[in-house]
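# An overview of the molecular structure
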Amino acid sequence: MITQEKKKEGMYESVVKQFEKAANAMNLDTNIRKILAATNNEIVVHFPVKMDNGDVEVFTGYRVQHNNALGPYKGGLRYHPTVDIDAARALAIWMTWKTSLAGLPYGGGKGGIQLDPKKYSTTELERITRRFTYALGENIGPDYDIPAPDVNTTPQMMAWISDTFMLTKRPSERSKFAHVVTGKPVGSGGLEGRDRATGFGVVTSIQAWADWKNTTLAGKRYIVQGFGNVGHWASLFMKEKGAILTAVQDASGTIYNADGIDPQDLLAYTLTNKGNVAGYANATSIEPSTFFGLDCEICIPAALGNQITEANADSIKASVIAEGANGPTSPGGEKILAERGIDVIPDILCNSGGVIGSYYEWLQNKQGELWTMDDVITRLEKQLLISFNKVVAASEEYKTDFRTAAYIVAIKRIELAYIQRGVFP
Ligand code: GLU
């Protein structure tokens, strides 16, 4: 089963260790190091919401704004029982590196609500989302902090956020605020292709890795953890490459078929099964603890953080881990992977297609344009390959792993901005 992020400090510890490793390798200016080690703002809101039965429940929501040296804070909102201040902090910091590596004019932020959305009706989720937006108030804004979807949050929820935020403004000004959030449904200012942008980016980075290794994806076996937005879109694009999906794991169970699982067929099944893969007829159910040790060439963790750890890294058979999730590999797990010669395409590169798509949506809204799917996919692929090549070059220059190289590229851009602008006063 997907290990819940029980040790809440786990992801935060990971991001701190990763940062320190990169800061040492690049000899980061000590003053800038102090600035980047801290988060700028941490907002915690408690807000009441009326449930369908008339009772009131009080929820806790978070928004951590790590750094905005390169532009407005940017990053998703997650609805999950494991959301707390440490998780929001870690995820916000990862966003700062991700947007910088992608060359976007953004900083990093992240937040969410500590809840299990499966326990609430759609009307309750709408009231929770709208009241959370209202509670955040001026802490978000199209040129200040721009949320987006993340684990368990949907385009529909983004439409509610946008609508609620606009309604707090003067009628004549409302339309200027639609892009307070990205990942909206197409038709409410959303971008064609934003839905598949993260999964497409994951597969583009796997393809780039394969090219770098002088190999192809056709016939390669891969396993996917999480069949949500990232996992299912990545699987559909892997199918186009001719790769074979042999196992999928989610919170409901683990399914396996050595001859291959058709991602399109599995998706159709999950849509009738509350999003769960368990019970899928064309695969067998296997013991969840065996998942990461399954024989395959490519492993795509696309669920929660801290899934590949010291406890299972030894058993992994894949030659590459493509991090669709944020923080799926702990530093201890990563050390074992490195010793075993297993490559890791780090989250801040591998899943950056999502926030790059968000940037296109934000630009589209700001400029009153409508982009086509072709525009989006072509630009996205180009931008991801630029990032991938920068990471490869930095890993050669600094003789280091891909993650540390990605951090170095990301942090250098921010370091330069601080050096040029100085610190007020
Ligand atoms: N939640 C996604 C991420 O972790 C997307 C963030 C965004 O589009 O702002 O990168």
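This write-up is about the structure you can find in this document. Not measured: the values here are computed from a predicted model.

### A word on the site of the ligand
Lys 74, Lys 98, Pro 149, Asp 150 and Ser 358 are the nearest of the 14 residues found near the ligand. Contact between the ligand and Lys 110: an oxygen atom at 2.9 Å from a side-chain N or O atom of the residue. Between Asn 326 and the ligand, the recorded distance is 3.0 Å, taken from a side-chain N or O atom to an oxygen atom. In isolation the ligand exposes 300 Å². Once the protein is present, 94% of that is buried. Put simply, the parts of the chain that give the shell around the ligand at least two residues each are α3 (85–101) and α11 (353–367). With 3 residues, the single largest contributor to the shell around the ligand is α11. Residues of the shell around the ligand, tallied by class, amount to 4 nonpolar, 5 polar and 5 charged.

### Details of the sheet that holds strand β12 (residues 320–322)
Across the sheet, 7 strands lie side by side as β10-β9-β8-β7-β11-β12-β13; this open sheet has mixed pairing. Whereas interior strands pair on both sides, the edge strands pair on one side only; in this sheet they are β10 (284–285) and β13 (343–345). Across 2 bridges, strand β9 (residues 253–256) lies against β10 in antiparallel orientation. Paired with Ile 255 across the bridge in β10 is Ser 285. Those strands touched by helix α7 (residues 229–240) are β7 (221–225), β8 (244–250) and β11 (298–301), and its axis lies near 170° from that of β7.

### A closer look at the pairing of strand β5 (residues 108–113)
Counting buried positions along β5 yields 6 of 6 residues, so the element is predominantly enclosed. Where strand β2 (residues 56–67) meets β5, 6 bridges bridge the pair, whose relative direction is antiparallel. Bridge pairing in β5 links Tyr 62 to Gly 112. Pairing of strand β4 (residues 77–79) with β5 involves 3 bridges; the strand directions are parallel. Following the sheet pairing, Arg 78 is matched in β5 by Gly 112.

### A short note on the sheet that holds strand β1 (residues 41–50)
Spatially, 4 strands are ordered β1-β2-β5-β4 in an open sheet, and the strand pairing comes out mixed. Among the strands making up the open sheet, the edge pair consists of β1 and β4. Neighbouring strand axes in the sheet, compared pairwise and without regard to direction, differ in orientation by 20° on average. Relative to the sheet, α3 contacts β1, β2, β4 and β5, its axis offset from that of β2 by approximately 35°.

### So, helix α9 (residues 331–339)
Listed in full, the buried residues belonging to α9 are Gly 332, Gly 333, Glu 334, Ile 336 and Leu 337. Buried-residue contacts for α9 involve β12, β13 and α13 (402–421). Just downstream of α9 lies Gly 341, where phi reads positive at about 75°.

### Thoughts on the packing of α11 against helix α12 (residues 373–397)
Packing of α11 against α12 brings their axes to within 10 Å, and their N-to-C directions diverge by 130°. When the interaxial angle is binned, α11 and α12 end up oblique. Read as a crossing pair, α11 and α12 show a hand that is right-handed. For the pair α11 and α12, the contacting residues are Gly 353, Ile 356, Gly 357 and Tyr 360 in the first and Val 376, Arg 379, Leu 380, Gln 383 and Leu 384 in the second. Of the residues belonging to the contact of α11 with α12, the class tally is 5 nonpolar, 3 polar and 1 charged.

Thresholds applied
Going along each chain's sequence as written, the residues are numbered from 1 onward. Residues qualify for local features only when their pLDDT is at least 70, as the model is predicted, and side-chain atom pairs are given and counted only at 80 or more; totals for whole chains, interfaces and linings, by contrast, use all residues. Computation of side-chain values: all heavy atoms of the structure, hydrogens and water removed. When we say a residue is near a molecule or strand, we mean one of its heavy atoms is within 4 Å of it. Counting of polar contacts relies on pairs of N or O atoms within 3.5 Å, with two restrictions inside protein: one atom must be capable of donating a hydrogen and the other of accepting it, and residues adjacent in sequence are counted only when both atoms are side-chain atoms. Surface exposure here means Shrake-Rupley accessible area, sampled with a 1.4 Å probe, where a residue is shielded only by the protein chains that are shown. Secondary structure elements follow DSSP: runs of H or I no shorter than four residues count as helices, runs of E no shorter than two count as strands, and numbering proceeds from the N terminus. Only Asp, Glu, Lys and Arg are considered charged in this grouping, and only Ala, Val, Leu, Ile, Met, Phe, Trp, Tyr, Cys and Pro are considered nonpolar; every other residue, Gly among them, is considered polar. Any two strands are treated as partners once DSSP identifies two or more bridges connecting them. Residues count as neighbours in contact if any of their non-hydrogen atoms are within 4.5 Å of one another. Lines are fitted to the C-alpha atoms to define the axes, a helix being fitted only along its stretch in contact, and any angle between axes, read from their N-to-C directions, falls within 0 to 180 degrees. Only protein chains enter the accessibility calculation, which uses a 1.4 Å probe; a residue whose area is less than 20% of its type maximum is buried, one above 50% is exposed, and one in between is partly exposed. Here is the rule for angles: anything less than 35 degrees is roughly parallel, anything more than 145 is roughly antiparallel, 65 through 115 is roughly perpendicular, and the remaining ranges are oblique. Should the near helix be turned counterclockwise from the far one by less than a right angle, the crossing is left-handed, whereas a clockwise turn marks it as right-handed.

Everything listed here is a matter of coordinates, which is why it stays silent on function.
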